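# What the coordinates show
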Amino acid sequence: MKFGVVVFPGSNCDQDAINLFGNVLGQKVVPLWHKDHDLQGCDFIVLPGGFSYGDYLRSGAIARFSPIMKEVIDFANKGGYLMGICNGFQVLGEAGLVPGALLHNDNRKFICKNVYLKTQTQNSLITAQVDLDKALKIPIAHGEGKYYADADTLKMVNDNDQVLFRYCDENGNITAESNPNGSLENIAGVCNKNRNVFGMMPHPERASDSILANQDGLALFESILQAVL
Amino acid sequence: MKFIAEIDVMPLKEILDPQGKAVTGSMKNLGLSEIHNVRIGKHITLEIDAETEAAAKEKVDLACQKLLANLIMEQYHFTLHQA
């Protein structure tokens with residue numbers, strides 16, 4: 001399986017993702033420069049975290065119109081697997097590839113810390129092997145991560161089983177106190193209706209390498225490999 | 001002809017504006033407790049080459065809908081005048 005990690009100007013988690021797929025998982029992985037139009041035959045595309053275009057206008061708003069995004073959007077619309085992490089999730093929202101948008105955190109702060117996530121469904125490529133009872137410890141690092149959607153969209157997202165992760169406490173309880181940024185219904189990650197596009201604010205790629213002493217994120221990527229290989 | 005658009009992009013009414021809320025709080029510290037409900041958006045100006053005002057309006061609408069505002073969280077309003 002070949003992974004591609006898009007590099008926008010201002011991406012800063014692209015190398016974390018490349019290290020994960022190449023060195024930790026032993027898969028083929030290539031960086032994809034945002035000005036190119038060639039996805040190089042990749043089977044799974046990642047939009048990484050960072051501050052693409054300095055977060056000007058709105059986070060992800062300008063990256064969404066980067067040249068390579070035309071091919072990325074076509075790829076996703078044809079069923080190709082696409083994952084957006086943090087800033088990548090914001091880009092997916094701006095492109096309309098996943099429902100909803102990411103607003104400024106309720107407390108106006110940039111929050112950089114470990115949080116806990118409860119996986120909500122195994123009906124997706126990245127969660128198929130993830131233990132639904134486990135509270136995954138995964139870091140967040142964002143200023144604009146409050147998941148928002150209007151009431152109709154929120155209902156649709158819930159009814160279609162599109163919520164992948166919710167913020168929880170270390171015992172797995174989904175509570176107001178464990179919601180770091182004011183996300184509606186503690187939503188930390190969603191997928192699209194066709195279940196081939198995944199967006200999440202937390203960084204599982206920063207919790208997958210043994211050297212980091214926390215590999216709770218690895219379950220997501222092992223799900224991908226087990227399903228596909 | 002050249003037109004100038006003056007665009008305001010504001011967070012939707014039903015959305016919490018934490019920046020505006022923080023500024024509202026500081027009004028009290030200034031001794032201006034009569035001031036409530038500060039909301040903060042963006043003011044954008046741009047120039048458009050177009051044959052008619054209607055054509056210019058259409059271009060600005062497109063720019064707002066595609067890039068300048070995210071209609072999930074924001075609304076926009078603009079005025080146009082000839083440069």
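In the nomenclature of an unreviewed UniProt entry, chain B is known as Phosphoribosylformylglycinamidine synthase subunit PurS of Solitalea longa. The heading Pathway (unreviewed entry) in the UniProt record of chain B holds the text "Purine metabolism; IMP biosynthesis via de novo pathway; 5-amino-1-(5-phospho-D-ribosyl)imidazole from N(2)-formyl-N(1)-(5-phospho-D-ribosyl)glycinamide: step 1/2." Listed in UniProt under the heading Sequence similarities (unreviewed entry), the comment for chain B reads: "Belongs to the PurS family."

You'll find chain A entered in an unreviewed UniProt entry as Phosphoribosylformylglycinamidine synthase subunit PurQ, with Solitalea longa given as the organism. Annotation of chain A in UniProt includes, under Pathway (unreviewed entry), the sentence "Purine metabolism; IMP biosynthesis via de novo pathway; 5-amino-1-(5-phospho-D-ribosyl)imidazole from N(2)-formyl-N(1)-(5-phospho-D-ribosyl)glycinamide: step 1/2." You can read under Subunit (unreviewed entry) in the UniProt record for chain A the words "Part of the FGAM synthase complex composed of 1 PurL, 1 PurQ and 2 PurS subunits."

As a further point, take the sheet that holds strand S7 (residues 135-142) of chain A. All names here are of chain A. Here we have nine strands laid out as an open sheet, ordered S2-S1-S3-S4-S11-S10-S9-S6-S7, and mixed in their pairing. A strand with exactly one partner marks an edge of an open sheet, and here the two such strands are strand S2 (28-33) and S7. Going from strand to strand, the sheet's axes swing by 25 degrees on average, the running direction of each strand aside. Sheet analysis places strand S6 (residues 111-119) next to strand S9 (residues 163-168), joined by four bridges and oriented antiparallel.

Quick look at the pattern of salt bridges now. Residues and elements named next belong to chain A. For the structure on display, the rule yields 12 salt bridges over all chains. Residue lysine 70 is joined to aspartate 74 by a salt bridge in which the shortest nitrogen-to-oxygen separation is 3.6 Å. Separated by four residues within a single helix, lysine 70 and aspartate 74 lie in helix H2 (residues 68-77), roughly one turn from each other. What makes lysine 70 exposed here is its relative accessible area of 53%. Its relative accessible area of 33% is what places aspartate 74 among the partly exposed residues.

Criteria and cut-off values
Residues numbered from 1 in each chain as written. Chains lettered and ligands numbered in written order. Predicted model: local features only at pLDDT ≥ 70, side-chain atom pairs only at ≥ 80, totals over all residues. Heavy atoms only, no water. UniProt positions renumbered as here; feature names shortened; annotations may be inferred. Pairing = 2+ DSSP bridges. Helix = DSSP H or I, 4+ residues; strand = E, 2+ residues; numbered from the N terminus. Axes fitted to C-alpha atoms, helices over the stretch in contact; angles between N-to-C directions. Salt bridge = Lys/Arg side-chain N within 4 Å of Asp/Glu carboxyl O. Buried < 20%, exposed > 50% of the residue type's maximum accessible area, 1.4 Å probe, protein only.

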